[in-house]
Amino acid sequence: MSASSLAAPDGRVVDYLRLSITDRCNERCLYCMPEGYTGWQSREDTLTDDEIIRLVTVAARLGFRKFRVTGGEPLVRKGVVDLVRRIWEVPGVEMLGLSTNGVMLEKLAQPLRQAGLCGANISLDALDPAIYHRVTGGDLGRVLAGIDAALAAGLDKIKLNCVLMRGVNEQEIWPLVEYAAARKIPMRFIELMPLTRRDVLDESNFFPIAERRKKLATARRGIIG
């Protein structure tokens with residue numbers, strides 16, 4: 001199959017594939033956990049490393065060139081560094097990224113880079129430790145250490161993602177922008193999606209893109225002016 005056969009109706013070549021290697025996670029983000037979800041998948045529902053490599057090999061033969069390892073939190077999977085290495089060694093793989101909450105990056109960033117990882121999208125929903133814990137249930141310090149480790153490891157592409165919720169972390173917009181700018185990392189703000197509990201999905205929690213842009217512009221004028 002040629003690359004042209006993977007083209008979308010608008011002409012874009014579809015050569016990017018996300019690989020969810022686990023649905024387990026070491027955080028409990030307000031915007032992510034489905035309502036009523038009480039347990040994880042059984043072990044037999046998870047693809048083995050060999051099955052994942054077989055899938056990547058077939059996808060690469062079909063013309064896929066860019067792959068992203070996701071979860072859940074992919075770094076909680078046992079043997080993830082070796083799996084990343086095996087994916088990178090598949091003929092045809094040209095880019096290998098990771099989506100992570102960053103909690104385990106401090107120790108794994110360098111081994112992952114050596115295994116072939118090219119970049120990472122890291123969730124960072126607040127710089128205030130209390131707000132971060134409210135949103136994710138996790139430890140901000142571990143995430144910041146993970147970001148520093150990813151930078152030190154020399155990953156080519158690092159991006160930060162923040163899901164904004166009105167009345168929860170909207171006041172973190174400008175501190176996050178300044179934090180990312182100081183490290184020359186793109187900061188991306190994401191709208192709340194209908195994936196979680198109904199109380200979190202209340203309309204009053206939604207923070208639209210247009211309002212976010214206006215808030216950023218106002219904050220910037222205040223700093224410069």
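Everything numeric here is computed off the predicted structure, so don't read it as measured data.

Things to note about the overall build of the protein
Step number 1: Check the secondary structure of the protein and you find 7 helices and 6 strands.
Step number 2: Shown N-terminal to C-terminal, the secondary structure of the protein runs as helices and strands in the order β-α-β-α-β-α-β-α-α-β-α-β-α.
Step number 3: Split into buried and exposed, the 225 residues of the protein put 43% on the buried side.
Step number 4: Taking the contacts inside the protein whose residues are at least 6 apart along the sequence as the reference set, 73% of them involve residues at least 24 apart.
Step number 5: Roughly 12200 Å² of accessible area belongs to the protein as shown, and the carbon and sulfur atoms make up 54% of that amount.

Some details on the sheet that holds strand β4 (residues 119-123)
Hydrogen bonding along the main chain pairs the strands of a sheet, whether they run parallel or antiparallel.
Step number 1: Spatial ordering of the open sheet is given by β1-β2-β3-β4-β5-β6, a layout of 6 strands whose pairing is parallel. Each edge of the sheet is formed by a strand with only one pairing partner; in this case those strands are β1 (16-20) and β6 (187-190). The mean angle between the axes of side-by-side strands here comes to 20 degrees, regardless of whether they run parallel or antiparallel.
Step number 2: In this structure, strand β3 (residues 95-100) lies alongside β4, joined through 4 bridges in parallel fashion.

Concerning the side chain of Glu-73
Step number 1: Turning to its location among the elements, Glu-73 is positioned in the loop between β2 (66-70) and α2 (80-88).
Step number 2: For the buried Glu-73, no salt bridge exists, and the shortest N-O distance to an oppositely charged side chain is 9.8 Å, to Arg-142.
Step number 3: Looking at Glu-73, its side chain comes within polar contact range of the main-chain nitrogen of Asn-101, at 2.7 Å.
Step number 4: Apart from residues no more than four positions distant in its own chain, Glu-73 is found in contact with Thr-22, Arg-24, Cys-25, Asn-26, Thr-100 and Asn-101.

What to know about unusual backbone geometry
Step number 1: Here the residue pair Gly-71 and Gly-72 is connected by a cis peptide bond, since its omega of 15 degrees sits within 30 degrees of zero.
Step number 2: Even without a glycine there, the phi angle at Lys-184 is positive, about 60 degrees.
Step number 3: Counting through the fold element by element, Lys-184 comes out in the loop between α6 (173-182) and β6.

Focus: a positive patch on the surface
Step number 1: A cluster of basic residues, Lys-66, Lys-157, Lys-159 and Arg-188, forms a positive patch at the surface.
Step number 2: Looking at the secondary structure, you find Arg-188 in strand β6.
Step number 3: Owing to a relative accessible area of 33%, Arg-188 belongs among the partly exposed residues under this scheme.

Digging into the environment of Ile-185
Step number 1: Summarising the element assignment, Ile-185 is placed in the loop between α6 and β6.
Step number 2: Taking the relative accessible area as the measure of exposure, Ile-185 reaches 7% and is therefore buried.
Step number 3: It is 7.1 Å that separates the C-alpha atoms of Ile-185 and Leu-160, two residues lying 25 residues apart in sequence.
Step number 4: Contacts of Ile-185, omitting those with residues within four sequence positions, involve Ile-147, Leu-151, Ile-158, Lys-159, Leu-160 and Ala-180.

Remarks on helix α3 (residues 105-115)
Step number 1: Those residues of α3 that fall on the buried side of the exposure criterion are Leu-105, Leu-108, Ala-109, Leu-112 and Ala-115. One side of α3 holds all its buried residues, which, seen down the axis, span an arc of 135 degrees. In this structure, α3 carries Glu-106, Lys-107 and Gln-114 as exposed residues pointing more than 90 degrees from its buried face.
Step number 2: Buried residues along α3 sit in contact with α2, β3, β4 and α5 (140-153).
Step number 3: Of the residues trailing α3, Gly-116 is marked for its positive phi of about 120 degrees.

Focus: the packing of helix α1 (residues 49-62) against α2
Step number 1: Direction vectors running N to C along α1 and α2 enclose 25 degrees, while the axes themselves pass 10 Å from each other. The orientation of α1 relative to α2 falls into the category roughly parallel. Once α1 is placed against α2, the crossing between them reads as right-handed. Contact residues: α1 offers Asp-49, Asp-50, Ile-52, Ile-53 and Val-56, while α2 offers Leu-83, Arg-86 and Ile-87.

A short note on the packing of α3 against α5
Step number 1: For the pair α3 and α5, interaxial distance at closest approach is 8 Å and the crossing angle is 20 degrees. The angle between α3 and α5 places the two elements in the roughly parallel class. Once α3 is placed against α5, the crossing between them reads as right-handed. Taken together, the residues of α5 that come into contact with α3 (itself represented by Leu-105, Glu-106, Ala-109, Gln-110 and Arg-113) are Ala-145, Gly-146, Ala-149, Ala-150, Ala-152 and Ala-153.

Rules used in this analysis
Residues numbered from 1 in each chain as written. Predicted model: local features only at pLDDT ≥ 70, side-chain atom pairs only at ≥ 80, totals over all residues. Heavy atoms only, no water. Helix = DSSP H or I, 4+ residues; strand = E, 2+ residues; numbered from the N terminus. Buried < 20%, exposed > 50% of the residue type's maximum accessible area, 1.4 Å probe, protein only. Contact = heavy atoms within 4.5 Å. Areas by Shrake-Rupley, 256 points an atom, 1.4 Å probe, with all protein chains shown as cover. Pairing = 2+ DSSP bridges. Axes fitted to C-alpha atoms, helices over the stretch in contact; angles between N-to-C directions. Lys, Arg positive; Asp, Glu negative; His and termini not counted. Salt bridge = Lys/Arg side-chain N within 4 Å of Asp/Glu carboxyl O. Polar contact = N/O pair within 3.5 Å; in protein donor to acceptor, adjacent residues only side chain to side chain. Patch = residues over 30% accessible without salt bridge, like charges linked within 9 Å, V, L, I, M, F, W, Y side chains within 5 Å. Charge placed at Lys NZ, Arg CZ, Asp CG, Glu CD. Arc of directions from axis to C-beta. Parallel < 35°, antiparallel > 145°, perpendicular 65-115°, else oblique. Left-handed = near helix turned anticlockwise from the far one by under 90°.

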